[in-house]
Every structure is written in structure tokens, then in C-alpha cells.
Amino acid sequence: MGHTSLEKIIALQRNPANIRNLCILAHVDHGKTTLADCLVASNGIISSRLAGKLRYLDSREDEQIRGITMKSSAISLHYRNGDQDYLLNLIDSPGHVDFSSEVSTAVRLCDGAIIVVDAVEGVCPQTQAVLRQAWLENIRPVLVINKIDRLILELKLTSQEAYSHLQKILEQVNAVTGALFTSKVMEERAEKEKKEEEEEKESDILSGDQVYDWSAGLEEADDSQLYFSPDQGNVVFASAVDGWGFSIQQFAHIYSQKMGIKAEVLLKTLWGDFYLNAKAKKIMKGAQAKGKKQLFVHLVLDNIWSLYDAVVTRRDKEKVEKVIASLGVKVLARDSRHSDPKVLLSAICSQWLPLAQAVLSMVCEKLPSPIDMTAERVEKLMSVWPLRFDSLPEQTQELKRAFLQCSSGENQPLIIFVSKMFAVDTKALPQNRQRPLTQEEIAQRRELARQRHADRMAADQTAAESQSHEGQPAGCDSAKMEGLTLKDSQPEEDQQTFVAFARVYSGVAKKGRRVFVLGPKYDPARGLSMLPEGSRAWDHVPAVPHLSVCSMDSLYLLMGRELEELDEVPVGNVLGIRGLEECVLKSATLSTSPACPPFIPLNFEATPILRVAIEPKHPSEMPKLVRGMRLLNQADPCAEVLIQETGEHVLVTAGEVHLQRCLDDLRKRFAKIEISVSEPIIPFRETVVRPPKVDMVNEDLGKQHKVAIIHQLKEEASHGRPSDTLHVDHSGLVTLTTPNRLATVSVRAIPLPQEVTCLLESSTELIRTLEQVNMSLREGKSLDISPRTLEAIAGFKAQLESLLQGRKWRNAVEHIWAFGPRRYGPNILLNLVEGYQRPSLWQCLGRGDQAGEARAQAAGMRDLDNSIVSGFQLATLSGPMCEEPLMGVCFSVERWDIQSASLLQPQDVLDEHSKFHGPITDNRVEGSSETWTAGSCQARRRLQAASADCYGPVSGQLIAAMKEACRHAFQAQPQRLMAAMYTCEIMATAEVLGRVYGVLGKREGRVLHEEMKEGTDMFIIKAVLPVAESFGFADEIRKRTSGLASPQLVFSHWEVISSDPCWVPTTEEEYLHFGEKADSANQALKYMNAVRRRKGLYVEEKIVEHAEKQRTLSKNK
Ligand SMILES: Nc1nc2c(ncn2[C@@H]2O[C@H](COP(=O)(O)OP(=O)(O)OP(=O)(O)O)[C@@H](O)[C@H]2O)c(=O)[nH]1
Ligand SMILES: [Mg+2]
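Residues numbered from 1 in each chain as written. Chains lettered and ligands numbered in written order. Predicted model: local features only at pLDDT ≥ 70, side-chain atom pairs only at ≥ 80, totals over all residues. Heavy atoms only, no water.

Enquirer: For this particular structure, what's the right way to read the packing of helix H4 (residues 100-108) against helix H5 (residues 125-136)?
Expert: Geometry of a packed helix pair, given as the angle between the helix axes and the separation of the axes. Where H4 meets H5, the axes come as close as 10 Å, and the angle between the chain directions of the two elements is 30°. As judged from the angle between their axes, H4 and H5 are roughly parallel. Relative to H5, H4 is oriented so that their crossing is right-handed. Contact with H4, carried on its side by Ser100, Val103, Ser104 and Val107, involves Gln126, Val130, Gln133 and Ala134 of H5 and no other residues of that element. (Axes fitted to C-alpha atoms, helices over the stretch in contact; angles between N-to-C directions. Helix = DSSP H or I, 4+ residues; strand = E, 2+ residues; numbered from the N terminus. Parallel < 35°, antiparallel > 145°, perpendicular 65-115°, else oblique. Left-handed = near helix turned anticlockwise from the far one by under 90°. Contact = heavy atoms within 4.5 Å.)

Enquirer: I keep staring at the site of ligand 1 and nothing clicks. Help me out?
Expert: By nearness alone, 19 residues border ligand 1, and Lys32, Thr33, Thr34, Thr69 and Asp149 come closest of all. The contact in question runs from an oxygen atom of ligand 1 to an N or O atom on the backbone of Gly95, over 2.9 Å. One nitrogen or oxygen atom from the side chain of Asp149 is found 2.8 Å from a nitrogen atom belonging to ligand 1. For ligand 1, whose accessible area on its own is 640 Å², the fraction buried by protein is 83%. Elements supplying a minimum of two residues to the shell around ligand 1: helix H2 (32-41) and helix H6 (148-153). With three residues, H2 is the single largest residue contributor to the shell around ligand 1. Its residues assigned to classes, the shell around ligand 1 shows four nonpolar, nine polar and six charged. (Near = heavy atom within 4 Å. Polar contact = N/O pair within 3.5 Å; in protein donor to acceptor, adjacent residues only side chain to side chain. Areas by Shrake-Rupley, 256 points an atom, 1.4 Å probe, with all protein chains shown as cover. Nonpolar A, V, L, I, M, F, W, Y, C, P; charged D, E, K, R; others polar.)

Enquirer: Can you help me understand helix H33 (residues 1033-1040) in this one?
Expert: Owing to its 3.6 residues per turn, the α-helix brings residues three or four apart onto one side. Taken together, the buried positions of H33 are Phe1033, Ala1034, Glu1036 and Ile1037. The arc enclosing the buried residues of H33, seen along the axis, measures out at 165°, which places them on a common side. On its buried face, H33 sits against helix H21 (656-670), strand E32 (975-989), helix H32 (993-1002), strand E34 (1018-1026) and strand E35 (1048-1056). Looking one or two residues past H33, Ser1042 carries a phi angle of roughly 50°, positive in sign. (Buried < 20%, exposed > 50% of the residue type's maximum accessible area, 1.4 Å probe, protein only. Arc of directions from axis to C-beta.)

Enquirer: Looking at this structure, I do not really get the coordination of the magnesium ion (ligand 2). What am I missing?
Expert: Between any two of four tetrahedral donors, the ideal angle at the metal is 109.5 degrees; between two of six octahedral donors, it is 90 or 180 degrees. At 1.8 to 1.9 Å from the magnesium ion (ligand 2) lie its protein donor atoms, namely Thr33 (OG1) and Thr69 (OG1). Of the two residues, Thr33 sits in helix H2 while Thr69 sits in the loop between helix H3 (61-66) and strand E2 (73-81), which places them 36 residues apart along the sequence. Using a relative accessible area of 7% as the deciding quantity, one classes Thr33 as buried. The exposure class assigned to Thr69 is buried, which follows from its relative accessible area of 6%. (Donors = N, O, S within 2.8 Å, 3.2 Å for Na, K, Ca; no water.)

Enquirer: Got a minute to help me understand the nonpolar core in this structure?
Expert: When a protein is soluble and globular, its nonpolar side chains tend to lie buried together. Formed by 101 residues in total, the largest nonpolar core has its most connected members in Ile145 and Ile304. Counting residues per element, this core draws most heavily on helix H10 (residues 295-313), which supplies 13 residues. With residues up to four places along the chain from it excluded, the contact list for Ile145 reads Val117, Ala119, Leu166, Ile169, Leu170, Val235, Val236, Phe237 and Ala238. Core analysis: the second largest hydrophobic core is formed by 82 residues, Ile19, Ala41, Cys364 and Val418 among them. (Core = buried A, V, L, I, M, F, W, Y, C linked by side-chain atoms within 4.5 Å.)

Enquirer: How should the sheet that holds strand E20 (residues 610-616) be read in this particular structure?
Expert: By definition, the strands of a sheet pair up through backbone hydrogen bonds, in either a parallel or an antiparallel sense. The strand order across the open sheet formed by four strands is E21-E22-E20-E23, and the pairing between neighbours is antiparallel. This sheet does not close on itself; its edge strands, each paired only once, are strand E21 (640-643) and strand E23 (675-677). Across the sheet, the mean angle separating the axes of adjacent strands is 30° when strand polarity is ignored. Where E20 and E23 come together, three bridges link them in antiparallel fashion. Looking at the pairing, Ile614 lines up with Val677 of E23. Most of the contacts of helix H20 (residues 622-635) go to strand E22 (residues 649-653), to which it runs at about 25°, and overall it touches E20, E21, E22 and E23. Most of the contacts of H21 go to E22, to which it runs at about 135°, and overall it touches E20, E22 and E23. (Pairing = 2+ DSSP bridges.)

Enquirer: Is there a simple way to explain the pattern of salt bridges in this structure?
Expert: Side chains bearing opposite charge may pair, as long as their charged atoms lie close to each other. Scanning the entire structure with this criterion turns up 34 salt bridges. The residue Arg823 makes a salt bridge to Glu771 at a minimum N-O spacing of 3.2 Å. One end of the pair, Arg823, is in the loop between strand E28 (816-820) and strand E29 (827-831); the other, Glu771, is in helix H24 (residues 764-778), and 52 residues separate them in sequence. What makes Arg823 partly exposed here is its relative accessible area of 25%. Shared partners join several salt bridges into a network, and the residues in it are Arg60, Asp62, Asp636, Arg661 and Asp665. (Salt bridge = Lys/Arg side-chain N within 4 Å of Asp/Glu carboxyl O.)

Enquirer: Before we go on, may I ask you to explain the packing of aromatic side chains in this structure?
Expert: Aromatic ring pairs: the centre-centre distance and the angle between the two ring planes describe each pair. Applying the stated criterion to the full structure yields 25 aromatic pairs. A centroid spacing of 6.3 Å and a plane angle of 45° characterise the contact between Phe796 and Phe819, whose relative ring orientation is tilted. On the criterion of sequence distance, the pair formed by Phe796 in helix H25 (residues 787-803) and Phe819 in strand E28 is long-range, its members being 23 residues apart. On the basis of relative accessibility, which here comes to 2%, the residue Phe796 falls in the buried class. With a relative accessible area of 3%, Phe819 lands in the buried category. An aromatic cluster is present here, built from Tyr163, Phe237, Trp244, Phe246, Phe251, Tyr255, Trp271, Phe296, Tyr308 and Trp352 joined pairwise through their rings. Stacked on the ring of Tyr505, the Lys or Arg Arg503 has its end atom at 4.6 Å from the ring centre. (Phe/Tyr/Trp six-rings, centres within 6.5 Å; stacked < 30°, edge-to-face > 60°. Lys NZ or Arg CZ within 6 Å of the ring centre and 35° of its normal.)

Enquirer: Can you help me understand the packing of H24 against H25 in this one?
Expert: Relative orientation of the contacting elements H24 and H25 amounts to 110°, with a least axis distance of 10 Å. Here H24 is positioned roughly perpendicular relative to H25, judged by the angle of their axes. Read as a crossing pair, H24 and H25 show a hand that is left-handed. Here Leu766, Ile767, Thr769 and Leu770 of H24 lie close against H25, whose contacting residues are Thr789, Ala792, Ile793 and Phe796. Residue classes in the contact of H24 with H25 are distributed as six nonpolar, two polar and no charged.

Enquirer: What should I look at first to understand unusual backbone geometry in this one?
Expert: The bulk of non-glycine residues show a negative phi, and the bulk of peptide bonds are trans. Residues Gly820 and Pro821 are joined by a peptide bond in cis, for which omega reads -5°. Within the secondary structure, Pro821 is located in the loop between E28 and E29. One non-glycine residue, Asp29, adopts positive backbone phi at about 70°. Tracing the sequence through the fold places Asp29 in the loop between strand E1 (19-26) and H2. Using a relative accessible area of 51% as the deciding quantity, one classes Asp29 as exposed. Look at Arg823: it is not a glycine, yet its phi comes out positive at around 75°.

Enquirer: Is there a simple way to explain the pairing of strand E14 (residues 547-551) in this structure?
Expert: Remark: a regular strand shows side chains that alternate across the two faces of the sheet. Along E14, four of the five residues are buried, which leaves the element largely enclosed by surrounding structure. Relative to E14, strand E13 (residues 514-518) is paired through five bridges, and the arrangement is antiparallel. When the bridges of E14 are listed, Val515 appears paired with Cys550.

Enquirer: Is there a simple way to explain the confidence of the model for the protein chain in this structure?
Expert: Close inspection of predicted coordinates is inappropriate in any region flagged by low pLDDT. Overall, the prediction assigns the protein chain a mean pLDDT of 80, with 80% of residues at 70 or greater. Here residues 205-211 is modelled with pLDDT under 50, and outside its nearest four sequence neighbours on either side it reaches two contacts, counting other chains as well. Confidence over residues 848-858 falls short of pLDDT 50; this stretch has 15 contacts with residues more than four positions distant or in other chains. (pLDDT = per-residue confidence, 0-100.)

Written as C-alpha cells, this is what we have:
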């Protein structure tokens, strides 16, 4: 097929029923780009000889060098299936975990996906991840089992063994899908039950004949479309490198003609336990039991195996010729003479079983078109969390119809989603590209040049004349002009233009049209109320938060490395848009209707964790770096660029490969300067643990250890601060008074159980929503929260309650005051102040009356409530060990007194202060709710007056005191560092297994389990490894195993480092064992000191105290 013309593609774009938007997803190196090559070659864009070698969609230089894809890129292909023409918008995505955010951006724009699985490696971690992503986005997958040639040539399996191997792979893939499906059904079922329960309650029917229905709902749920099976037509077996692939349909077709069996019968029996009884001319069941060859082996695999055998293994010329003749394919003489047998093989196979045809016809038949978008998916895309879909404004709900209609009519609202921004060299844009000139243009230019020449001649002449008249140098003006224009055009050369990677969900995108850009926080209800009715993007509109107006300067068809300019793009197509770089940072929703809600944010699988500080080699180039980093931030969906409090410019990436790509981009495209990059900044967390029961030499500790800690604390306290404001009791309760002595807080730090920390970590989104809801309740607004959110919050609370058991935690969940840092972190503030009541954190779960009651009480203290929370937030944001955030710590406030300021006039405060010596005893009302209720308004005014003392406002002092109290309370417990951990799965052969273990051991890695992949000689090792030790890990493994094993590191969790960084010998035995200086290697101390040094904090280091020249005895003689 020749190169499809642009006109043809434009025509195809208008028929959404025949459009398929799909992406190729897989684990790294399973052959996505190679497969894409074969599909691209079918359109004549690249030669079919080069397909599989060129990796056309890997257009970046580093992608070609490293051999992995780093950016997802799209291409539009034409395919004729039967009598219908189809337009396929194909997106190739990267498989490396570091770039999984690129997968998210691709998946959002598609309706279907091709999942590629390597026939040898089977289901790998990223395969599971992409299946999950496809599921979460409600897009339909089809499967390509690739690299079948490896089963023949590398593993040397027989066709029978290969069949059972393929069966196993299918089972694995289906197991992943099955698990996703089951969890969804369970969730729906729970929701349904809840609804029914509520309805029942409402109608108050208590019928006696209630029957309990214990089915999980799985029986009724429709899963017929769900699983991959060759007889369903959603599986293709392929070898992308050799250019062949087939689905069962193709063979059913071939054999129905050859053997006269009905194609439908073959379709049902070609895959499965069926065999051919040649005598009876029948297809029978039970091949395995009778020791017969399955039909699939007999009719399909055997043919392929014998072809490989003849062409590649034995190079049997005669047989090859026979095969060529029987298959009726044409092979060029130079192919059959080629020294590499693979050339001949792919020449035969690509005609016999063309891969593109197999895959593309499956795509056209099995994947949905944009018209088939389900209402469920639309509601999911449009839902403004945490609101209910049906509580959105009516106009917004009406837009759902526009989505479902998928029409490009003139009066349809335009809705576009931009999933990422990518940078293109300005000179590579179609409008700046050089193109061949037409005859007329050449003539026109010739004429212009002639004119210019004539003008110049004339100017010279007049200049010569005027010079002779006035003696002025000639042509100096024009020279200046030329210089100026030259300078102007210089920066144009190497500029970058941002193009949005987007899809039209409704209406038609037209070049030059103005649209509303809706940020992720835009609220359609608010927007509609603020904008005049019927306002359009091209009118002058008032300022609305998170809404801006932008014009789409150019529209492009994405063709891999090339862009083609278009005037309009109708609904259902993937496109590129220029002109949004001012308004869109990474992703956005565009619409002509202000009623449109922003789409739900993309769900990213990888957490950016690897940070480095960057600075220019020449300090004067700072502005260039800042600009470059801004561009980089816009061009990468997951990289984060920030300026730390220390003033450093920091880049946060998902992993080493991603970091390398970002730095390359920064050097070569965005900043174009030399930069120096710091060592990776490794994140840590600080926590407290329960006092250990045994000491470092495994002796039972008993009380003595505790005593040592307290002793140490007392010492510290007496050294550092004036002890009259700070008091630490033997149980670790810290009492601190503000400098003006008006307020006192007592705080204790308690380690949270590990499961609670995990729960808090995984529920950050929910806690944030909870905080948002509480905030609006505090402001007196009411929100219409979706029942799903409420249920999630209730579930979260119940989980917390079940995890926080025991005497120590009695009623703790009800008393939670706040989470921190940033109000949603994994630390808890508990309110154990006797008599102090505040609105519960869980008030949205419907205990409004209690909250009202609480409001009446203690209004004065409640005014300062926020200061305590702020102090807690500050304390948890940076801990005392090395100023890293805290994790898994609970601070319980056990006493909080504010001296009744009603008795004090400002003057008195000062007087009181000057007289004051001992601890505060009188004038203090414990849990002073009564006092405050008495005349809270008056008291508040007094407090304000009192706050004018020399120490500054009360609230400020309280924040500082709370923060200090938390830090001291933290230090009163055994402190530990927590390290970020990666998990990695390494696939290695038996020979290199030992070396892999060696590298893991050296880097403090821990092997979780090891198993052998069935049917291969590969071992799969699952291990965890501290992030701090991971730099260069992948490279080292690759080198040590000569490239046979390559691990993928994914951030998994935080883990407490067991050694105590503040450890000093406390018992006799420890003293004997470790000596006075305790200078044996302490990993935690090393980490802590490294962080402190980096942050410019004081590092307590033992400098050699008693230096003595070391002598070697033998030389001393
Ligand atoms: N033997 C064999 N090798 C293949 C086949 N398909 C691809 N490969 C090889 O596998 C390697 C990876 O192929 P790619 O197409 O770059 O893989 P990818 O999935 O795009 O990789 P990423 O984009 O990095 O995730 C290349 O060396 C290919 O030549 C196949 O069918 N058989
Ligand atoms: Mg690739």
C-alpha cells in the first residue's frame, strides 16, 4: 500500500465510527516499537525491509542509542478492512517504569490498547501495571503475544511444549484481568447493598421474610468480553522482528478452504483441547487425554516450526523452495541468496502471515470507536471529586450527552483534553519547514531578486553622488538595518515551541478559535455563576478562578516525527495544538462551554523520588537555567522542578534513566548551557520507635536503658535552654511554656503502629478531601459530597479504629485533631486535653449537633486551636535529627493551659513577667472551658490586648512553643531514621544468579523471594533495596551479568533503619564491646550526618583524640 495522502486522512477523520484510537502498552523491551514499525510500514511510510530495525517512532537520538522508548508518540494510519476504510490513531508508549507517566498520558486519549507480551518473559511487573492502567481508564485491551521466534530458536521448544507455554501466558494475563474485574464487582456490590440498605431504612419496611443473598455478584456480572482467548479473536501470536503474526481467524479461513471444514467450526476448535481424527474426518475433543496433537499444534504451530527449521536451522534449500511454491509467495532472488537466513524468513513470513494485517483487523473489529464511549466512562472523566455527578450544574450534566453523541455538528460544544505538552524545534514545524518550490514561486523569486539587484544598483549610484556632494560614508544606514534584522532572526533558530498532545471529545476544533482553558481546580458551578449567561470564549469575559482563554493557533496531525498542519479536526481524533503554552502547564481541559468540568487528573503510577540540585557551570547563566527548567517542567508529565528553601534549584525525577533524559534535554534543548549536577539528594524520614528490649549485645535491658536516655535528656536540657520553661518527665511527657508564660502545652510522642502509618500513607488523597470538607464546614458552607466519598471516609475511620487497638489508643480515633505535615501526612495529632472540646475531624460523617455544642464551648481556646495545629505541622515537616519530615509519629497533647488573660491588663502582663520566677501555679485554669464560656468575647479582646507584649502575638508564641514541645517530645523517645526503599524484580539466568546476589548484598539489598520461571532457565528474584544505595545499581547489575539481567526499580515503601543514629554505649557490656567512642559503622548515623552536612547543620564528629603514629613492627627493628 502506498503512502496515504493527507486528503484521505482528513476525509477519514470525519467518520468517527471508523476511527480507532489505540495505544501499545507492555513491559520494557517486549517489542512495542518494533510492532509499531510493522504497522507503520503497512502504510508505506517506511520500507518494509527496515520495519523492525528502524524503530521509526523512537525519533529521539537517545532513544535510538539506548534502545528504549522514552516519550510516547502518535501516528495516524489508514487501514482497509473488508470494504471499510479505517483511520487508526496509534500511540506508542514507553515500557520502562521511569516513564510510566508517559503511559498515563497516552492511555487517557485512547479507547483501546494493544497489550504486548514477550512469549519468553511472560507477564512482568509493568505488564500488570499497564493492564491496571487500561482498566482504570475503562479502555478495552487486545493481546499480542510477541517474540514467538524466541521459543523456537532460543528456548528450542517443540511445538507441543510451545503450545502449553502459550496457554500458561494466557492464563497469567487473564489472572491479572480477573483480579481487577473481581475487585470492581465486589465494590459495586458493596455500593449496591449500601444503597438498598438506605432505601430500606427510608421506607422503613421491616418485612419478616428477608432472605440473605450471599452471592458476591460475580455470577451475574458479564465477563464474556473480558478475557483474552484466541477463539474470541482478541489474541494475535506474532514475531515482530520477523514481520509475521496471525490470529486464529486467518488459519480458520485457510483451512476451511483447504480441508473443507466450516470456518465457524474451526474458529471454535483451533484453540483448545481438540484434535483431528483423519480417518473419521472429524474434530474430536480430549486431545490431551488421548495423547493426540491439539489442532493448534497440528495445523498452526507445526507449519511455523518446520519453516524455521528449513530456513534458519537447516538451511535446506530444496525444502524452502517447496514451501515457497506451496504457500504461493514471491521471494526476490537477492533475498534468497542473502547470507542471513532471517532475511529470507521474513520475506516469506511477511507475505504468508502479514503482521500488520492480523493486528490491524483485530483492532478494527475488537476495539471500540469513539462513538462507543460508555456513559460510565464519561461520568468518570467528568466527575469533580468529591462531588456527586448528579449534583453538578444542569448544564454540566447535559454535556454528557454531547460526549455520548460524539457529533461534530456546528452547534456542539467543543471539548478537548490535553494530556501533555511536548516541545518541538520551532524550525521543524510545518509552517517553517522547507518545501520544494512550485514553478510560479521560482519565477516570482527570480523577479524579486532582479528587482532587488536593480534597486541596489540605483542606490549605489545615488550614494556615490551624494558622497561626492556631502562627503558622507555611503550605505551605513542600510548596513545597520541588515545587522538588526540578522540579530532578530537569530534566537528564532533554536527556539522550542510547545505542542499540546490532545484529543477532541466533542465538536470540531478549528484553527484560530478561542477556547476556555479549564484548570484542574476549576468549578463549573462557580464559573457559571460568575460569567454572564451564554458567554463565549471569544467575548470579553470577567476573571474567574482557574479559567483562562486561549486561542488554538495551529492544529496538527501527529505523524510520528512529522507534523502536518490541519485547518480543523473533528470529534474523536488525536491531534496536536500550538498556542497553549502560556495557559497550559502539563495537562488541561479545553472547551467552548464554561459549564464543562475539568477532567479527572491522570493517574500516575510512579512517584518521582530521585532529586538532584542543579546549577550552571558559569554563575552568570542562571537566568538561562531558570528558563530552561521551566520549559523542562512543562515538557515532562512527571518531572518536578522546584526551588528549595535553601535556594537550590532542584529537579525531581522518577529514576536514573529519567534523570538522564531530563538532564540531556536541559543541556541540549531547553537551557543550552553547561550545568553541574549534585549527587542525588536522598530523602529520609524521621520516626520514633518503642524502647528496645535488648541492648546492642543482645542482653536484656530492663530499666537501665530508659534511665540512660532520661539522664541524657536532662543533661541536654540543662545545657541548652532555660529549664524553667521546659520540663521533661520520666515518661517522656514534655511541658513547655511560652516566653510570656501565658500558655503551657504538654506533649508526648508515641510511635504509631506500622499498619497505621501505611494506611495513612495510602490514604493521602482521602485525608486531603476530608480536610477540604472540614474546611468548608468550618467556613459554614455545606458541600454535596458524593456517597462514595463519604463511604470511603467512613471506611478509613473504621480501619483506623480497628488498627488502633489497646488501652493506649482507647478512643484515639475520635480524638484525632489533625494530620501532618501539610495537613495530610502520615503523622497524627491527638487531642487528649481534658475538658477541651473541638469539632470532630469526622463531623462530615453526620454528627453535626455535637459540633454545634462544641462551638458554644471554649470559643476562646478554639481561636488559638489553629496555632497548635500549625506548630504540629511545622514540627512534623522537619524533625530534629536532620530536618527531614517525620513519619509514623503520634503527638498527643495532654495538657493545654492558657492563663486566664481576663485578669491581666497589658501593663500587668509586663509587670507579672518581670516579677515572675517559679513555675506558673495560680491564675491558670486547666482545660479552661468554663472561663472562656463565661465571657469569651470580652476575653478575646483582652487577649488581643495582652498579646501586645514584648514577645509578640500570642498565636505566634503558641506555634513556636508547640513546635518546640513536639521536637522535645520526639527526642525523648528512641529515634530512628527511615529509608526509602525500592522493590525490583530481576530476571536472570542460573549462571549469573550468584553475581546478582553479590551486587544486591553489597548494596544492602534484601531478597524477598526467588522462583524459577516455568519452561525457561530464568530465575525471577524479587528484592528490596534502599534508594540511598541504588545509584548505579542497574548499570552494575547489567555489567556484572554481561547484560543478561536488567532490573527495574520502583519506589515501594519507607523502612525503619534498625540502628540507632544517636547510640552511645550505656551498659557495661556495650561499653566493653564497642568502646567509648562507639565509632563502629553505624549506617543510620552515616546517613544522618551526610544529610546534616548537606544542609549545613552542625555535625557532631569525633576528631581523632589521641593520635599516635602507627608503626610497623618489622620496620622498627
Ligand atoms: N527475537 C525477537 N526479538 C524481538 C521481537 N520484537 C522485538 N524484538 C527485539 O526486542 C528489543 C526491544 O524492542 P523494542 O521494540 O524497542 O521494545 P519496546 O517494547 O518498544 O521497548 P521500550 O519502548 O523500551 O519499552 C529489540 O532489540 C528488538 O529487536 C521479536 O518478535 N522477536
Ligand atoms: Mg519502544
